[in-house]
Amino acid sequence: SKIEPFYKGGKVQVSKDENYIFCTCGSRINVLEISTGKIVHSVEHDDQEDITSFALSSDDEVKLLHRALLLKQWDWRQAQCTRSWRAIHTAPVASMDFDSTSTLLATGGCDGTIKIWDVVKQYCTHNLRGSSGVVHLVQFHPDISRLKLFSSSMDCSIWMWDLSTSLCVCMLQSHYSAVTSLSFSPDGDTMISSGRDKICTVWDLKQQNAKRAIPVYEAVEGVIFLPENQDFSQIGVKNPKLHFVTAGSKGSLLKSVVVYLCVSLSPMFFPPSSKKDDNPRSLTHLLLLPASSRLATVTAEHNITLYQLAGLTTLQQFVGYNDEVLDVKFLGKDDSHIVVATNSCQLKVFELLTNSCQILYGHTDTVLSLDVFRKGSLFASCAKDRSVCVWQMDSGHVRCVARGTSHTNAVGCISCSRMKASFVASGSLDCTVKVWDLPADLTAAEESIQQLTLRTTEKAHDKDVNSVAVSPNDKLLASASQDRTAKLWSLAGEGNLGLLGVFRGHRRGVWTVCFSPVDQVLATSSADGTTKLWSLQDFSCLKTFEGHDASVLKVIFVSRGTQLLTSGSDGLVKLWTIKTNECVKTLDAHQDKVWGLHGNRRDNRMVTGSADSNITVWEDVTEMEVAEEQAKQEEQILKQQELSNLLQEKKYLKALGLAISLDQPHTVLTVIKAIRQTEDSSELLEKTVLKLRVDQKEALLRYCGVWNTNAKNCQDAQVVLQVLLTHVPPEELLQYQGARTHLEGLVPYTERHMQRIGRLLQASMFLNYMWQKMRVVGEPSRWD
């Protein structure tokens, strides 16, 4: 399976059946299935131009998108463009919207005009002029019988158009910045608008005036009315009046009643928001899924979150774009989750079954490395903010339980104890290695974060420490550095680390160290493109693996210590057999540096994460391939036995069909020879060949080309070819797959056989002549 980018900003829309999310990703529109978190469809055109806008019809059948001043209509399930036409706009289309009947489409252009299209009859019905600047919002009134269209442009007004007269009925003016969203009450008489001027305005559409302006104290990007006749008491709604929900720059949802001031929801539902205007957690879209009583929000970091509407509790969260993946590890019981460090200060925990993600806040700068304790519910992280954090997963929920800050520079690597969760080791750009003891009881305080106890600090290397690893018995520690060396330390004694030896041999910085799970050897990978195995006894190099054309960034042991997996900055992952020094498999699934590489505890899966923002989960299929090969061999043996029985019973048609299905030209030739050895062989062969299916005749023609290359078998090939050429029309014969190639290959060998037979015939005629002309000189006649 794969976790890949599917949303990089722009419009997001949910299908009417609420099963799919449509979102733009550069020149593509991806269709995300909500239940599985997988991309099930992708619409992309050949010209590779970015899509400026798109709209999905209300019946989920038609999708319109705009690029290069063209409107394209797509059948998104088949990923086929059904038709395209010029948008008539003189500038790109900025906004699009379908009416509730999926008949009319409104397009708002950067040229200040609005055009209405009849998608069914395929013509432009209205050309509405008067807006100033980019028309960034167009929306039909949900009651199509009113024939009303609302739009907004750079003048911050809301224009209400009467489509029966093509005139602007009125301009609703209340906002002082761009209007971002409109929502209509169930009866269609009340509308609410939101803007980046931090107010929401309630409009009476019958009187065409503003009822009131409600301050919400943040730039609002989306607003929706709550459905009627539902219980929202969990979020403070205690009366049946109109309520609405807003999403804005502070990154939290707000609910309000028309007659009361806006009230913020409890912070337990949402992460703490920043007071800065450029808060990356700010919400950019708000969508209502009425049939399933859910809300969907989109953040500035391209995360899509689904909430249960009644209590506004988080149901699912999808990450649209991961940026560079710096590390990835399996997590949880049965390795059901993965934790990912991307080029940000947040950690992301993905559930592999649904791709739903939990975002962890704790570090204040880019997280660089991760490691997991043996049980899989505890893991540690380190970051550029010079801190080390320990996290605990409990029933799918992850929280930070301990933290340590003592390094004087960015912490670039971390390793957890293997026997039990007792300590972590960290390596830093300050050239030191530190060992931290975990608190005795991590569950003592539910909310507070405990402090890690620093056991020891050692000036380990002359340059940055790139990697640290704890041995399987927790008694040794290995470190690797940019100074081209790896070192082995003793953890057995109290106090300082004891240096046991130095591994020298790499020509460039060493990126990773890893202990073997079964042998007393250490693996290192380096920027010189090699991976080396070292003895822990005498620190000598045992083996060197060369194959990557660039730096080898990670190395791990798999297959119970008999094989190595390495990943490089060339985007390749290679599988090596240690005993033979041989690269047995190269996996090419990434386009950039593969920083993350980890195997699960059952040793049958691994996960890779790359700077191309893709995360790939791989499965070991060795046993499956061996079983398939064994099953195939057994099937071949059974078919061979069946073939022998058919030949014995002289059931030549079934025998020939079975031999062709085995795709063995020699076996088919054996059947042909058996047929030719019978009485009336020519008639029997003709009947048998002509009863074959077309695909079997195609295979027979192909085999004839093979047999004809050998003088011993050319007569059998020519006999079969005679039957085909005599009884199969040339038009039908040329329809066979590769017929021209096979026939062209037959010609030169056939000519050679004809010349050989001609020479043989001449020689036999000369022999016959000599026989006729010879006079036998016998013994002198004897006279009695």
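By the naming in an unreviewed UniProt entry, the chain is Transducin beta like 3, taken from Takifugu rubripes. Here the chain is described in UniProt, under the heading Subcellular location (unreviewed entry), as follows: "Nucleus, Nucleolus".

Peer 1: Kindly report on the overall build of the chain, identifying the contributing residues and their values.
Peer 2: Scanning the chain for helices and strands turns up eight helices and 57 strands. Computed over its C-alpha atoms, the radius of gyration of the chain comes to 38 Å, more than 25% above the 28 Å expected for a compact globule of 784 residues. Reported as C-alpha extents along the three principal axes, the dimensions of the chain are approximately 155 × 85 × 45 Å. Entry remark: accessible area of the chain is about 37600 Å², with carbon and sulfur atoms responsible for 50%. Both charge centroids of the chain, one from 82 positive and one from 87 negative side chains, sit 2 Å from each other.

Peer 1: For the sheet that holds strand 2 (residues 12–14), give the residues involved together with the corresponding values.
Peer 2: One open sheet accounts for four strands, arranged 2-3-4-5; its pairing is antiparallel. Across the chains shown, the open sheet's two edge strands, defined by having one partner strand only, are strand 2 and strand 5 (39–44). Across the sheet, the axes of successive neighbouring strands diverge by a mean angle of 20°, strand direction being ignored. In terms of strand pairing, strand 3 (residues 20–25) meets strand 4 (residues 28–33) through six bridges, oriented antiparallel. Residue Thr24 lies in a different strand from strand 4, and its bridge partner there is Ile29.

Peer 1: I'd love a proper account of the packing of helix 3 (residues 665–676) against helix 5 (residues 694–707), names of residues and values included.
Peer 2: Relative to each other, helix 3 and helix 5 sit at 90°, their axes nearing to 10 Å. When the axis of helix 3 is compared with that of helix 5, the two are roughly perpendicular. Each of Pro665, Val668, Leu669 and Ile672 in helix 3 lies in contact with helix 5, whose residues at this interface are Leu700, Tyr703 and Trp707.

Peer 1: How would you sum up the environment of Val424? Please name residues and give values.
Peer 2: With respect to the secondary-structure elements, Val424 resides in strand 39 (residues 423–428). Sequence spacing of Val424 and His285 is 139 residues, and the spatial spacing of their C-alpha atoms is 41 Å. Not counting residues up to four positions away in its chain, the partners in contact with Val424 are Phe373, Ala380, Val388, Ser415, Cys416, Lys434, Val435, Trp436 and Leu438.

Peer 1: Quick rundown of the nonpolar core? Include the residues and the values.
Peer 2: Ile660, Val668, Leu700, Leu701 and Trp707 are the most contacted members of the largest nonpolar core, which has 32 residues in total. When neighbours within four sequence positions are excluded, Trp707 is seen to be in contact with Pro665, Val668, Leu669, Ile672, Leu700, Asn713, Cys714, Ala717 and Val720.

Peer 1: Any chance you could break down the sheet that holds strand 35 (residues 378–383) for me, citing the residues and the numbers?
Peer 2: Pairing is mixed across the open sheet formed by five strands, whose spatial order is 34-35-36-37-41. The open sheet is flanked by strand 34 (367–372) and strand 41 (450–451), the only strands paired with a single partner. Taken together, the five bridges between strand 35 and strand 36 (residues 387–394) define a ladder with antiparallel strand orientation. From the neighbouring strand, Cys382 faces strand 36, where its bridge partner is Val388.

Peer 1: How would you sum up helix 2 (residues 652–661)? Please name residues and give values.
Peer 2: Summarising burial for helix 2: seven of the 10 residues are buried, a large majority. Considered for burial, the residues of helix 2 that qualify are Tyr652, Ala655, Leu656, Gly657, Leu658, Ala659 and Ile660. Turning to helix 2, the residues buried within the fold contact helix 1 (622–648), helix 3, helix 4 (681–690) and helix 5. Of the residues trailing helix 2, Asp663 is marked for its positive phi of about 55°.

Peer 1: Quick rundown of a negative patch on the surface? Include the residues and the values.
Peer 2: On the surface, Glu619, Asp620, Glu623, Glu625, Glu628 and Glu629 cluster together to form a negatively charged patch. Among the elements that take part in the negative patch, helix 1 stands out by supplying four residues, more than any other. Take Asp620: it is sitting in the loop between strand 57 (615–619) and helix 1.

Peer 1: Now, about the pattern of salt bridges: what can you tell me, with residues and values included?
Peer 2: A complete count under the given rule lists 13 salt bridges for this structure. Asp327 is the partner of Lys329 in a salt bridge, and the nearest nitrogen-oxygen pair spans 3.2 Å. For Asp327, a relative accessible area of 1% puts it in the buried group. With its nearest N and O atoms 2.9 Å apart, the salt bridge here joins Lys673 to Asp716. Taken as a pair, Lys673 in helix 3 and Asp716 in helix 6 (residues 714–727) lie far apart in primary sequence, 43 residues in all. Beyond isolated ion pairs, a larger network of salt bridges with shared partners links Asp143, Arg146, Asp189 and Lys206.

Peer 1: Requested: an account of the UniProt feature "domain: U3 small nucleolar RNA-associated protein 13 C-terminal" (unreviewed entry) in the chain, with residues and values cited.
Peer 2: When the UniProt feature table is mapped onto this chain, "domain: U3 small nucleolar RNA-associated protein 13 C-terminal" (unreviewed entry) is found at residues 640–774. Within the segment residues 640–774, helix and strand shares are 81% and 0% respectively, and the terminal C-alpha atoms sit 54 Å apart.

Peer 1: Account for the packing of aromatic side chains, with residues named and values stated.
Peer 2: With the rule as written, the count across this model stands at 11 aromatic pairs. Cation over ring: Lys11 sits above Phe54, and NZ or CZ is 5.5 Å from the ring centre.

Peer 1: If you had to explain the domain arrangement of the chain to someone new, which residues and values would you point to?
Peer 2: Taken as a whole, the chain is organised into domain 1 (2–232 + 240–245), domain 2 (323–439 + 448–504), domain 3 (512–619) and domain 4 (641–769). Inter-centroid distance (C-alpha atoms) of domain 2 to domain 4 is 69 Å.

Peer 1: Which residues make up the environment of Lys115, and what are the values?
Peer 2: Its location among the elements puts Lys115 in strand 12 (residues 114–118). When the C-alpha atoms of Lys115 and His337 are compared, they prove to be 48 Å apart, with 222 residues separating the residues in sequence. If sequence neighbours within four positions are ignored, Lys115 has contacts with Ala87, Ile88, His89, Leu105, Ala106, Thr107, Cys124, His126 and Asn127. Separated by 2.8 Å, the side chains of Lys115 and Asn127 make a polar contact.

Peer 1: So what about a nonpolar patch on the surface? Which residues, and what values?
Peer 2: A surface patch of nonpolar side chains, about 330 Å² in accessible area, is lined by Phe766, Tyr769 and Met770. Mapping Tyr769 onto the fold places it in helix 8 (residues 739–773). Given a relative accessible area of 47%, Tyr769 falls into the partly exposed group.

Peer 1: How would you summarise the side chain of Asp371 if you had to cite specific residues and measurements?
Peer 2: Along the chain, Asp371 turns up in strand 34. Using a relative accessible area of 7% as the deciding quantity, one classes Asp371 as buried. Engagement of the side chain of Asp371 in a polar contact is seen with the side chain of Arg418, the distance being 3.0 Å. Ignoring sequence-local partners within four residues, the contact set of Asp371 consists of Lys329, Phe379, Ala380, Ile414, Ser415, Cys416 and Arg418.

Peer 1: Give me the environment of Phe184: which residues, what numbers.
Peer 2: Relative to the helices and strands, Phe184 resides in strand 18 (residues 179–184). Given a relative accessible area of 12%, Phe184 falls into the buried group. Sequence separation between Phe184 and Val202 is 18 residues; the distance between their C-alpha atoms is 9.8 Å. If we ignore the near neighbours within four places in the chain, the residues touching Phe184 are Gln139, Phe140, His141, Pro142, Phe150, Thr190, Met191, Leu205 and Phe225.

Peer 1: Go over helix 8, please, and point to the residues and values.
Peer 2: For helix 8, spanning 35 residues, the distance from its first C-alpha to its last is 50 Å, which sits close to the expected 51 Å at 1.5 Å a residue. Of the residues making up helix 8, those classed as buried are Ala739, His742, Leu746 and His753. Residues of helix 8 that are buried in the fold lie against helix 5, helix 6 and helix 7 (730–734).

Peer 1: Describe the side chain of Asp528, and please don't skip the residues or the numbers.
Peer 2: Structurally, the position occupied by Asp528 is in the loop between strand 48 (521–526) and strand 49 (530–535). A polar side-chain atom of Asp528 sits 3.0 Å from the main-chain amide nitrogen of Arg507. For Asp528, the residues in contact, after removing those within four places along its chain, are His506, Arg507 and Arg508.

Rules of the game
Residue positions are given per chain, counting from 1 as you read along its sequence in written order. Where local features are concerned, this predicted model is filtered to residues with pLDDT of at least 70; where side-chain atom pairs are given and counted, the filter is 80 or more; whole-chain, interface and lining totals use all residues. For side-chain calculations, the full set of non-hydrogen atoms in the structure is used, while hydrogens and water are omitted. UniProt positions are given in the numbering used here, feature names are shortened, and annotations may be inferred rather than shown by experiment. By the criteria applied, helices consist of DSSP H or I runs no shorter than four residues and strands consist of E runs no shorter than two, each listed in order from the N terminus. Here the globule rule is a power law, 2.2 Å times the number of residues to the power 0.38, and the radius of gyration is based on C-alpha atoms. Accessible surface area values rest on a Shrake-Rupley calculation with a 1.4 Å probe, where residue burial reflects the displayed protein chains alone. Positive charge is attributed to Lys and Arg, negative charge to Asp and Glu, and no charge count is given to His or to the chain ends. Charged groups are reduced to one reference atom each: NZ for lysine, CZ for arginine, CG for aspartic acid, CD for glutamic acid. For two strands to pair, DSSP has to find at least two bridges joining them. To obtain each axis, a line is fitted to C-alpha atoms, and for helices this fit is confined to the stretch in contact; angles are then taken between N-to-C directions over 0 to 180 degrees. Roughly parallel here means an angle under 35 degrees, roughly antiparallel means over 145, roughly perpendicular means 65 to 115, and every remaining angle is called oblique. The criterion used for residue contact is that any of the two residues' heavy atoms lie within 4.5 Å. As used here, the term nonpolar core means buried Ala, Val, Leu, Ile, Met, Phe, Trp, Tyr and Cys residues forming a set that is joined through side-chain atoms within 4.5 Å. The buried label applies to any residue whose accessible area, calculated with a 1.4 Å probe on protein chains only, is under 20% of its type's maximum; exposed applies above 50%, and partly exposed to all values in between. What goes into a patch is any residue over 30% in relative accessible area without a salt bridge, connected to like charges within 9 Å or, for nonpolar side chains (Val, Leu, Ile, Met, Phe, Trp, Tyr), within 5 Å. The salt bridge criterion pairs a side-chain nitrogen of Lys or Arg with a carboxyl oxygen of Asp or Glu, the two atoms within 4 Å. Note on aromatic contacts: the rings of Phe and Tyr and the six-membered ring of Trp form a pair at centre separations within 6.5 Å, being stacked when their planes are under 30 degrees apart, edge-to-face when over 60 apart, and tilted otherwise. Distance and angle both matter: a charge sits over a ring if NZ of Lys or CZ of Arg is within 6 Å of the ring centre and within 35 degrees of the ring normal. Where each domain starts and ends comes from a domain assignment, either automatic or drawn from a database. Any pair of nitrogen or oxygen atoms within 3.5 Å is treated as a polar contact; in protein, a donor-acceptor pairing is required on top of that, and neighbouring residues in sequence qualify only through side-chain atoms on both sides. A helix is expected to reach a length of 1.5 Å times the quantity of its residues less one.

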